[in-house]
Structure formats: structure tokens, C-alpha cells
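Inside the fold
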Amino acid sequence: ILNVEQSPQSLHVQEGDSTNFTCSFPSSNFYALHWYRWETAKSPEALFVMTLNGDEKKKGRISATLNTKEGYSYLYIKGSQPEDSATYLCAPSGGSNYKLTFGKGTLLTVNP
Amino acid sequence: NAGVTQTPKFQVLKTGQSMTLQCAQDMNHEYMSWYRQDPGMGLRLIHYSVGAGITDQGEVPNGYNVSRSTTEDFPLRLLSAAPSQTSVYFCASSETTGVNYGYTFGSGTRLTVV
């Protein structure tokens, strides 16, 4: 079981603001890092899977970076929109892609 | 293409009853897993399977049983329900070849044990 920390726990921003969250995890025995977006009353939806130190992934206004040596990943949202309101989960795995350990998530609320 | 289908969506059980939560996927994914979601906690892995006939325990397996007789189906059995098993249960699947595949989640089953 990996110790996964996500910060902040919650975040309120105004429409148009850019924001970022942090996911910290043990740097030893790292295999992959997943990010998910979870809207209320829906199920988690995969955003990114990253494996290599220095990886950067982008999907529209959302991007993520990975530092496996120090054990952290950042998720960035540029120009937040109300539809970005959701809980963002990170989940590292150690040793294989089979056993993800999910963080508690960062709840983002974007006010119009 | 339905993705991952979970049934039922809601269930109320009495303590001591048994039941099976169903999970089916039509994407020919080798990997399937069950997670539970409790307030204030991250999704926790109950059991997982890397292919038909192969299952293994996750973080919180006690009180649950699984089997994987086909690639498509991965049912979760509660042997004797306890109030501590009140939770929202999610089934997820993924390809196992390569590492660049996220999980596809079902819509969840909300279980209450009274």
C-alpha cells in the first residue's frame, strides 16, 4: 500500500483562473502514475497515465507533469471553466499497472 | 459499446445476508478490479484479476470473494454482509499490455447494510 498525498484537499477558483494541484507518492519502486477526473454522480474518468521521469501530458486546457525521482506530479488547469468542477484523483502504482493506490483527491469548484 | 456495466445500482441488505455485485465489460480487457469508496478515504482495492481464471487480493479483501470464469465478467460476492461493508463499490477494467491505459470505471453500486 503506497502513501499518496494530494493537496490541497479542496480549492475554489473563479472562472478564468489557472490552478494546479499536487500529488506526492513514494519514489521507490515506481511504475506508473494515473490522473482521473471524477464529477459528482458519475464515475472516475481517466485523464493521463505517465511513466517516465519528466513526462508531460496535455489534454486541452489540462496538463500534467511527473517527477519520479522526488515522487510528485502536478496537474494544471489553464483558464478554469465551471465544467472543470470535479474531484481530481491521482493514483500511483508500484511494480505493475495492476494495483493502483488512489489519493483522496482534490475537489475543485469553479465559480462562474 | 457499453463499457463497464455494474448491477445493481442500489442495494439494501440485512446483516448476515449474502449477495453478488455484477460487473461486465465488453472491451476485451484482461484486467478487472473492484474498489470501494468510503467518505474521507480514497478508492481502496478489494480484489483484482489479470485474466480469466486468475484473481488476487487487494488492500481490503476480507468479507469478499471473487471469481473470473470469463474475460467479460468479474462478480464480487459478499459472503455475510456487515454494516462495515456499507459503501459505494466500483468495478474497473483496463488493458494490461503496455502501460499507457487508464482504467474504465463502471457507474458504481451503492450498498447499504442494516
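For the structure, see preceding data.
These figures come from a predicted structure and were not determined experimentally. (Residues numbered from 1 in each chain as written. Chains lettered and ligands numbered in written order. Predicted model: local features only at pLDDT ≥ 70, side-chain atom pairs only at ≥ 80, totals over all residues. Heavy atoms only, no water.)

It is worth spelling out the pattern of salt bridges at this point. Residues and elements named next belong to chain A. Tallied over the entire structure, the rule returns five salt bridges over all chains. Note that Glu39 and Arg37 form a salt bridge whose closest N and O atoms lie 3.0 Å from each other. On the basis of relative accessibility, which here comes to 24%, the residue Glu39 falls in the partly exposed class. In this structure, Asp84 engages Arg61 in a salt bridge whose closest nitrogen and oxygen atoms are separated by 2.8 Å. Of the two residues, Asp84 sits in the loop between strand 8 (72-77) and strand 9 (86-93) while Arg61 sits in the loop between strand 6 (56-59) and strand 7 (62-67), which places them 23 residues apart along the sequence. Residue classification places Arg61 among the partly exposed positions, given a relative accessible area of 32%. Each of the salt bridges in this network shares a partner with another, and the network as a whole consists of Arg37, Glu39 and Lys42. (Salt bridge = Lys/Arg side-chain N within 4 Å of Asp/Glu carboxyl O. Buried < 20%, exposed > 50% of the residue type's maximum accessible area, 1.4 Å probe, protein only. Helix = DSSP H or I, 4+ residues; strand = E, 2+ residues; numbered from the N terminus.)

Tallying each qualifying case throughout the model produces 15 aromatic pairs over all chains. Aromatic side chains A:Tyr72 and A:Tyr74 sit 5.0 Å apart centroid to centroid with 40° between the ring planes, which places their arrangement in the tilted category. Ring plane angle 70° and centroid distance 6.1 Å describe the contact between A:Tyr74 and A:Tyr76, whose orientation is recorded as edge-to-face. By the ring-pair criterion, three or more aromatic residues cluster together here, those being A:Tyr36, A:Trp38, A:Phe102, B:Tyr31, B:Tyr35, B:Tyr48, B:Phe90, B:Tyr103 and B:Phe105. In this structure, B:Arg68 is placed above the aromatic ring of B:Phe74, and the distance from its NZ or CZ to the ring centre is 6.0 Å. (Phe/Tyr/Trp six-rings, centres within 6.5 Å; stacked < 30°, edge-to-face > 60°. Lys NZ or Arg CZ within 6 Å of the ring centre and 35° of its normal.)

Counting 21 residues, the largest nonpolar core has A:Leu33, A:Trp35, A:Leu75 and A:Tyr88 as the members making the most contacts within it. Elements that contribute at least two residues to this core include exactly strand 3 (19-24), strand 4 (32-38), strand 5 (45-50), strand 7, strand 8, strand 9 and strand 10 (106-111) of chain A. Apart from residues no more than four positions distant in its own chain, A:Tyr88 is found in contact with A:Gln6, A:Phe21, A:Trp35, A:Tyr36, A:Arg37, A:Leu47, A:Leu75, A:Ile77, A:Gly105, A:Thr106 and A:Leu108. Of all hydrophobic cores here, the second largest spans 19 residues; its members include B:Val4, B:Leu76, B:Leu78 and B:Leu111. (Core = buried A, V, L, I, M, F, W, Y, C linked by side-chain atoms within 4.5 Å. Contact = heavy atoms within 4.5 Å.)

Think of a sheet as strands paired side by side through backbone hydrogen bonds, with each pair either parallel or antiparallel. Residues and elements named next belong to chain B. Here we have four strands laid out as an open sheet, ordered 1-3-8-7, and antiparallel in their pairing. The two strands at the open ends of the sheet, each matched to only one other strand, are strand 1 (4-7) and strand 7 (64-66). This sheet shows a mean twist of 20° between the axes of neighbouring strands, independent of strand direction. In terms of strand pairing, strand 1 meets strand 3 (residues 19-25) through four bridges, oriented antiparallel. Opposite Gln6, over in strand 3, you have Cys23 as the bridge partner. (Pairing = 2+ DSSP bridges. Axes fitted to C-alpha atoms, helices over the stretch in contact; angles between N-to-C directions.)

There is about 730 Å³ of room inside the largest pocket. In terms of lining residues, the largest pocket is bounded by 30 residues, among which A:Trp38, A:Ala41, B:Gln37, B:Phe90 and B:Arg110 are the most central. Where the lining of the largest pocket is concerned, the elements lending two or more residues are strand 9 and strand 10 of chain A together with strand 9 (87-94) and strand 11 (109-113) of chain B. In terms of residue class, the lining of the largest pocket is made up of 13 nonpolar, eleven polar and six charged. When its volume is computed, the second largest pocket comes out at roughly 290 Å³. What lines the second largest pocket is a set of 18 residues, and nearest its centre among them are A:Val4, A:Phe102, A:Gly103, A:Lys104 and B:Gly42. Residue composition of the lining of the second largest pocket, grouped by class: six nonpolar, eight polar and four charged. (1 Å grid on protein atoms, 1.4 Å probe; cavity = no way out; pocket = protein on both sides within 12 Å on 5 of 7 lines; lining within 4 Å. Points joined across faces, edges and corners; volume = space filled by probe spheres on them. Nonpolar A, V, L, I, M, F, W, Y, C, P; charged D, E, K, R; others polar.)

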